[in-house]
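What follows is the residue order along each chain.
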Amino acid sequence: MAHDYFGFSLVRSNARMNNGTVALANPADISVIVIYFLVVLAVGVWAMVRTNRSTVGGFFLAGRSMVWWPIGASLFASNIGSGHFVGIAGTAAAAGIAIGGFEWNALIVVVILGWLFVPIYIKAGVVTMPEYLKKRFGGQRIRIYLSVLSLFLYVFTKISADMFSGAIFINQALGLNIYLAVVMLLLITALYTVTGGLAAVIYTDTLQTIIMVVGSFILMGFAFNEVGGYENFQRRYMEAIPKIRTNISEECYEPRADSFHIFRDAVTGDLPWPGLVFGLTIQATWYWCTDQVIVQRCLSAKNLSHVKGGCILCGYLKLLPMFLMVFPGMISRILYTDVVACVDPDECLKHCGASVGCTNIAYPKLVVDLMPNGLRGLMLSVMLASLMSSLTSIFNSASTLFTMDIYTKVRRSASEKELMIAGRVFILVLIGVSIAWIPVVQSAQSGQLFDYIQSITSYLTPPIAAVFMLGMFCKRVNESGAFYGLLIGLLIGLSRMITEFVYGTGSCVNPSSCPTIICGVHYLYFSILLFVVSCIIILGISLMTKPIDDKHLYRLCWSLRNSTEERVDLEQDDWVDDTDSSLDFEEPAEEPGFCKKALMCFCGLEQKKGPKLSAEEKAELEKKLTDTTEEPLWRNIVNANALILLCVAVFCHGFFG
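Residues numbered from 1 in each chain as written. Predicted model: local features only at pLDDT ≥ 70, side-chain atom pairs only at ≥ 80, totals over all residues. Heavy atoms only, no water.

Within an unreviewed UniProt entry, the label attached to the protein chain reads Sodium/glucose cotransporter 1, and the organism entered is Cynoglossus semilaevis. Quoted straight from UniProt, the Sequence similarities (unreviewed entry) entry for the protein chain says "Belongs to the sodium:solute symporter (SSF) (TC 2.A.21) family." (UniProt positions renumbered as here; feature names shortened; annotations may be inferred.)

Draft legend 1. Geometry of unusual backbone geometry. For Arg555, which is not glycine, the phi dihedral falls at a positive 65°. The residue Arg555 is located in the loop between helix H24 (523-544) and helix H25 (582-585) in this model. Judged by relative accessible area, which is 18%, Arg555 ranks as buried. (Helix = DSSP H or I, 4+ residues; strand = E, 2+ residues; numbered from the N terminus. Buried < 20%, exposed > 50% of the residue type's maximum accessible area, 1.4 Å probe, protein only.)

Draft legend 2. How the structure looks around the side chain of Lys123. Its location among the elements puts Lys123 in helix H6 (residues 106-124). Those residues in contact with Lys123 that sit more than four places away from it in its chain are Arg555, Arg561, Asn562, Arg567, Thr626 and Thr628. (Contact = heavy atoms within 4.5 Å.)

Draft legend 3. The arrangement of a nonpolar patch on the surface in detail. Judged by side-chain polarity, Tyr484, Leu487, Ile488, Leu491, Ile492 and Val533 come together as a nonpolar surface patch covering roughly 450 Å² of accessible area. With five residues, helix H22 (residues 479-503) is the single largest residue contributor to the nonpolar patch. Of note, Leu491 is situated in helix H22. (Patch = residues over 30% accessible without salt bridge, like charges linked within 9 Å, V, L, I, M, F, W, Y side chains within 5 Å. Areas by Shrake-Rupley, 256 points an atom, 1.4 Å probe, with all protein chains shown as cover. Salt bridge = Lys/Arg side-chain N within 4 Å of Asp/Glu carboxyl O.)

Draft legend 4. Spatial organisation of the side chain of Arg136. Looking at where Arg136 falls in the secondary structure, it is placed in helix H7 (residues 129-137). Here the side chain of Arg136 touches Gly471 through a polar contact of 2.6 Å, landing on its backbone oxygen. One polar contact links the side chain of Arg136 to the main-chain carbonyl oxygen of Val477, over a distance of 3.2 Å. Beyond its immediate chain neighbours, meaning those up to four positions away, Arg136 contacts Gly471, Cys474, Lys475, Val477, Ile548, Leu553, Leu556, Cys557 and Leu570. (Polar contact = N/O pair within 3.5 Å; in protein donor to acceptor, adjacent residues only side chain to side chain.)

Draft legend 5. Local environment of the packing of helix H3 (residues 68-79) against helix H12 (residues 292-299). Closest axis-to-axis distance for the H3/H12 pair is 9 Å, and the angle between their directions is 175°. Judged by the angle between their axes, H3 and H12 are roughly antiparallel. The segment H3 lies against H12, with Ile71, Ser74, Leu75 and Ser78 engaging Val293, Ile294, Arg297 and Cys298. Class assignment of the residues belonging to the contact of H3 with H12 gives a composition of five nonpolar, two polar and one charged. (Axes fitted to C-alpha atoms, helices over the stretch in contact; angles between N-to-C directions. Parallel < 35°, antiparallel > 145°, perpendicular 65-115°, else oblique. Nonpolar A, V, L, I, M, F, W, Y, C, P; charged D, E, K, R; others polar.)

Draft legend 6. Focus on the packing of aromatic side chains. Per the counting criterion, the structure on display carries 25 aromatic pairs. Ring centres of Tyr237 and Phe260 lie 5.8 Å apart, and the angle between their planes is 90°; this geometry places the pair in the edge-to-face category. Taken together, the residues span a long stretch of sequence, with Tyr237 in helix H10 (residues 230-238) and Phe260 in the loop between H10 and helix H11 (273-290) at a distance of 23 residues. Here the two residues Tyr237 and Phe260 agree in accessibility, since each one is buried. Every member of this aromatic cluster is reached through a ring pair, and the members are Trp104, Phe224, Tyr230, Phe233, Tyr237, Phe260, Phe323, Phe327, Phe651, Phe655 and Phe656. It is Lys365 that lies over the ring of Tyr336; its NZ or CZ is 5.1 Å from the centre. Here the guanidinium or amino end of Arg496 rests over the ring plane of Phe526, the centre of that ring lying 5.2 Å away. (Phe/Tyr/Trp six-rings, centres within 6.5 Å; stacked < 30°, edge-to-face > 60°. Lys NZ or Arg CZ within 6 Å of the ring centre and 35° of its normal.)

Below, the structure is given as structure tokens:
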């Protein structure tokens, strides 16, 4: 028996999931997919042409000109990847609606993002999250640590999980070679990420969101029509038991008695309610409030009211996955019980090439088998939309992290044009790493993909959440406490993660031999413990060492957010946009050729003479970029909507609890 890490088999399977058939080989489906790609590229090119991509602010923050509706749509699209369609639907097929609580938790956390965290980031005048920590604590080691860890998490959780789930769908639907399909997707997404910057990513994300929601609603309608309504759905799900069970324990194949409850027993539940309420909130705070991919979209807004409006729109959109992914995943188990709910390892290998179970093909199988021609192509477009929107967001944000937090350390005197080139080249490097990772992802046959993503997050991110929360709301915390809290927290998290990797997580049929004292604690409970330990370490070391003077903390923490005094930075910026440099306005020695001019224009790197700004004009521009004032009318409107959203969140949790 091969070891399985969260169901990721370490032995590659050669089983074909589609049994040699190609589901999307008709003109209607192919036409829909071609039209989809043409529209996406058209939107990307339009955004590329109409925005300023030749400056750091233009490329990485869309010139801080975005309004609330594309921000909200982009937040949703960046979060919902193909890993959600495959992973959430698969976990729902296996265990019921509790996984929907992961999505609804965000309804509360996005309000915390817009009302507590983003105002501080804007006042601090930062582009990246490591940059904020550098301003808040000083020194370089925290900034570099967070940059490297973030890039690591992007490659080995977000990109790998999305590419794996996208490969499952493409393999089910098209029968294409996975390498060819993923390379094509990566090249298309890279095209408008490299050339268009954040503005192109946000506008294409908005289009992807519309496609995702419309397509998913259509599939949900077909699925509920097939099972005969919600009451029949509840009854038939509890009866969805596979025929081939051999001598396997009943708990491995019977639907859970609490399948239709979000809040489950604190000890015996597969997702215990204290972990869902507290442990998940810690992870969500890291993801929604401190992760570069999410916060970067908020920083592109033209003012704080648009940030809050975008967060509210994203919150309402996050209501949908329960209905668009969780319920269809459970219906797939009803309609294809012997395949999706298979429990015998040999049967599972035959159906999907994974001995631990086939729940991950729940959503793709529903699309391929249930949808008519044309609509099947639309649903493949939905999956491609979710995959591409996540990848473009990650590529752009990873490029920002690398350029502003790592490259500027190596090249302190780099020109703005050099930074733009470095950011685009790094995206190409990231694509190369992603392609090289495909063999590992292709062999990773998971029974619970979403659990894998959340587990890795539980082991590595609570110390980061602790540093941001304490750094923002407790001005006594200093650099020593923050750094050692991060370091010790990372070592504790890695000890759990590596142990589980060595022993494997096993499955219900073949449990893992990992010692209970290490692996017996649910990963959501482990997240709470790790967060508390990190907080104790951070506060303890900070109280034993010298505090940071207030003059260094103006507008960097909550208690000093409205200070008007000039802040004395603990350390100078690694890179400053020096618009007075004579190099920026020096005439080129010779006129570039046509091909070079066309390439530079395509990439947004054309030479433009900018107006020289006086000291007063620079100060006014800086004030505008760090301004968090709101018009009273719009402030009251977004505040009222935030209260309504919180009430909706409480109602939904109570109704399905």
